[in-house]
Amino acid sequence: MSRRQRVVLLGLVAVVPLIVWVLLSPPVLVWSAIARDRPSPVAGDAVPRITEPPAARIALAGDTGTGDASQRATVRRMAAEGRGVPYDALILLGDLIYEDGDASLVDSRVTTPFEPVLDQGAQLLPVLGNHDYRSGEQRQILAALGRQSPWYSQRIGPVRILVLDSNRVDDPQQTRWLRTALAEPQPAGVWTVAAMHHPAYSAGYHGSDLQVRDAWGPLFARAGVHLVLAGHDHDYQRSTPQQGVTYVVSGGGARLRDAGAEDFTEVSDSTLHYVDLLAYHDRLIGRAIDQSGTLVDLFTITR
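Described in the following lines is the structure provided in the data block. Quantities reported herein were computed from a predicted structural model and do not represent experimental measurements.

Pairing between side chains of opposite charge can happen when the charged atoms of each approach one another. This model, assessed by the stated rule, comprises nine salt bridges. One salt bridge in this structure joins Arg168 and Asp171, with 2.6 Å as the shortest N-O distance. Under the relative-accessibility criterion, Arg168 is labelled partly exposed at 22%. A single network of salt bridges, built from pairs that share partners, joins Glu52, Asp282 and Arg283.

All right, on to the sheet that holds strand E11 (residues 273-279) then. Strand pairs in the sheet, formed through backbone hydrogen bonds, run parallel or antiparallel to each other. Ordered by their spatial adjacency, six strands build an open sheet running E3-E2-E1-E11-E12-E13, and the pairing between neighbours is mixed. Each edge of the open sheet is held by one strand with a lone partner, namely strand E3 (123-126) and strand E13 (295-302). Across the sheet, the mean angle separating the axes of adjacent strands is 20° when strand polarity is ignored. When E11 meets strand E12 (residues 283-290), the two strands line up antiparallel, connected through seven bridges. In the strand pairing of E12, Asp276 is matched with Arg287.

It is worth spelling out the sheet that holds strand E6 (residues 191-195) at this point. Taken in spatial order, the seven strands line up as E4-E5-E6-E7-E9-E8-E10 in an open sheet, and their pairing is mixed. Every other strand in the sheet has two partners, leaving strand E4 (152-156) and strand E10 (265-269) as the edge strands with one partner each. Between one strand axis and the next, the sheet turns by 15° as a mean value, whatever way the strands run. Judged from the five bridges that link them, strand E5 (residues 159-163) and E6 form a sheet pairing that is parallel. Residue pairing across strands places Arg160 opposite Thr192, the latter belonging to E6. Contacts from helix H7 (residues 172-183) reach E4, E5 and E6, with the element oriented near 170° to E5.

What counts and how
- Residues numbered from 1 in each chain as written.
- Predicted model: local features only at pLDDT ≥ 70, side-chain atom pairs only at ≥ 80, totals over all residues.
- Heavy atoms only, no water.
- Salt bridge = Lys/Arg side-chain N within 4 Å of Asp/Glu carboxyl O.
- Buried < 20%, exposed > 50% of the residue type's maximum accessible area, 1.4 Å probe, protein only.
- Pairing = 2+ DSSP bridges.
- Helix = DSSP H or I, 4+ residues; strand = E, 2+ residues; numbered from the N terminus.
- Axes fitted to C-alpha atoms, helices over the stretch in contact; angles between N-to-C directions.
- Contact = heavy atoms within 4.5 Å.

Structure, rendered in structure tokens:
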């Protein structure tokens, strides 16, 4: 055997097992091997004290429906941060009930775990995730949480929140509703925030939902939507402005996967957390806070 043939053979011996591993490994293992976070410059800093009371304060988290100690730790942090300046609303960004959307578990996976925040006066805004559809009981889940439609609009102080069902992004009735809602004249000073489960921009394990991006992204940009929230990927991400719109993924309320980075990624971090959104008349301040009470990210959106 020639020297060149030996080199080729050794190369094949080294490469073939890697190819087999990639083909046979679960996608999450492959993703873990290549994912890279892009932490915020403020990650690990103390959460700034609120010196100016906001016009509205909103807590949000996604993929929380485990009913386990990790979910409860996120809720404890929310409740602790909410003392003194309580939350006006709580947005849950889908996958309310793992694994299969069993409506009989609404109390044990949603209502009871989040009592410490809801009892402070927060209004619950649930979003349906893909796991909530598995049982076919998604409408029963919503009804138990006081909602009749999977898409709806809610005003919280100066913030208009448009909740969408990204499991049904191809439903023409929902898109007509969204177009109508975005076209409605709003009083001066109102912020428009959209919330759904599947992210239009994500560098995480699931990645960007291009159907959501193509169907709704142009509508958000034309209407001047300020912020779009999603879960689904079990991490924290914030995009650079996309046609003037900031996209945030907050799916690390109870479970984690490695984060990643794409050309649209400003910050990504695989950290259990929730997001604290402070609404003022001239700015939105978002603070992603981990379970230990330190910052994951801090951002400001102005008009």
